[in-house]
Amino acid sequence: MDMSRLADYFVVVGYDHDKEPTRGGQGGTGKILQRFPEKDWDDVPFHQGLELFCQPAGWNLSSKSQPPTFHVSVLTDIEARRHYCAVLTFSEPVKMNPSRPDDLESDEVEGSLVRHTLMFAPKCLSLISRLEYFETLRNCLGLLYTVYVDSLEVEMETLVGNILGHVQVPPPGGPQVRFSIGAGDRQALQPPLSDSLPVTRSSVALLVQQLV
């Protein structure tokens, strides 16, 4: 039975503070801070430009902390195979140097600032996978986020290594897989019965009952 990795890469993408954004903290860019593994898999090359898919609306600073969000972007490789970029985005505080609008004279109101002294920049934790187990990827990212933000004693490297190297998924029609990434979690995923049926993640039992 051919087994597949649950995820091929884990990537941390953050706001690029070396590049100046436009006025108001808009129009910034992102950059890859860390990636695991650091070398490409022979069977799955790393996707370039991943920071664009992590923040489709742009890398913008905010004056308020934003709640964590999750989304999935679909990537296509040179052979037209689909890869899924599961992304959990959260905010990190950034100290800024206050500055005046260009059109203010020196004797105008002292408190008029373009930027607050404390802004919030987006940061992304991402898993790249060839499999459509989005809920499982979301759960794994949520655990990684909790360990990262709360500075728990569990090592991030151990969790990431378990996700990329130890969680093997059977092909369609295979048995259910139960696993843990090492954060005190218990997870399970069920491969679809057939690879010819789409995985919609929606309940269609009521629809089938109405059609019978």
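Check the entry above for the structure.
Criteria and thresholds
Residues numbered from 1 in each chain as written. Predicted model: local features only at pLDDT ≥ 70, side-chain atom pairs only at ≥ 80, totals over all residues. Heavy atoms only, no water. Pairing = 2+ DSSP bridges. Helix = DSSP H or I, 4+ residues; strand = E, 2+ residues; numbered from the N terminus. Axes fitted to C-alpha atoms, helices over the stretch in contact; angles between N-to-C directions. Contact = heavy atoms within 4.5 Å. Polar contact = N/O pair within 3.5 Å; in protein donor to acceptor, adjacent residues only side chain to side chain. Salt bridge = Lys/Arg side-chain N within 4 Å of Asp/Glu carboxyl O. Buried < 20%, exposed > 50% of the residue type's maximum accessible area, 1.4 Å probe, protein only.

(A) Quick peek at the sheet that holds strand E6 (residues 118–129). A sheet is described by the order of its strands in space; here 5 strands give the open sequence E3-E2-E6-E5-E4, paired in antiparallel fashion. Only two strands of the sheet have a single partner each, and these edge strands are strand E3 (30–36) and strand E4 (69–76). Taking each pair of neighbouring strands and ignoring which way they run, the sheet shows an average axis angle of 25 degrees. Two elements, strand E5 (residues 82–95) and E6, share 12 bridges in a ladder whose sense is antiparallel. The residue of E6 that forms the bridge with Val87 is Ser126. Where helix H2 (residues 134–150) meets the sheet, it contacts strand E2 (9–15), E4, E5 and E6, and its direction lies at approximately 25 degrees from that of E5.

(B) The arrangement of the side chain of Asp77 in detail. Mapped onto the fold, Asp77 is located in the loop between E4 and E5. In this structure the side chain of Asp77 is engaged in a polar contact, spanning 2.8 Å, whose partner is the backbone nitrogen of Arg81. Among the polar contacts made by the side chain of Asp77, one reaches the side chain of His83 at a distance of 2.9 Å. For Asp77, the contacting residues outside a window of four places in its chain are His47 and His83.

(C) Broad picture of the pattern of salt bridges. Under the counting rule described, the total for this entry stands at 10 salt bridges. Here Asp40 makes a salt bridge to Arg35, at a shortest N to O gap of 2.8 Å. Residue classification places Asp40 among the partly exposed positions, given a relative accessible area of 38%. Across the pair Asp77 and Arg81 runs a salt bridge whose closest N-O atoms are separated by 2.9 Å. According to the relative accessible area criterion, Asp77 is buried, its value standing at 16%. Each of the salt bridges in this network shares a partner with another, and the network as a whole consists of Arg5, Asp8, Asp43 and Arg130.

What is shown is where atoms sit, not what they do.
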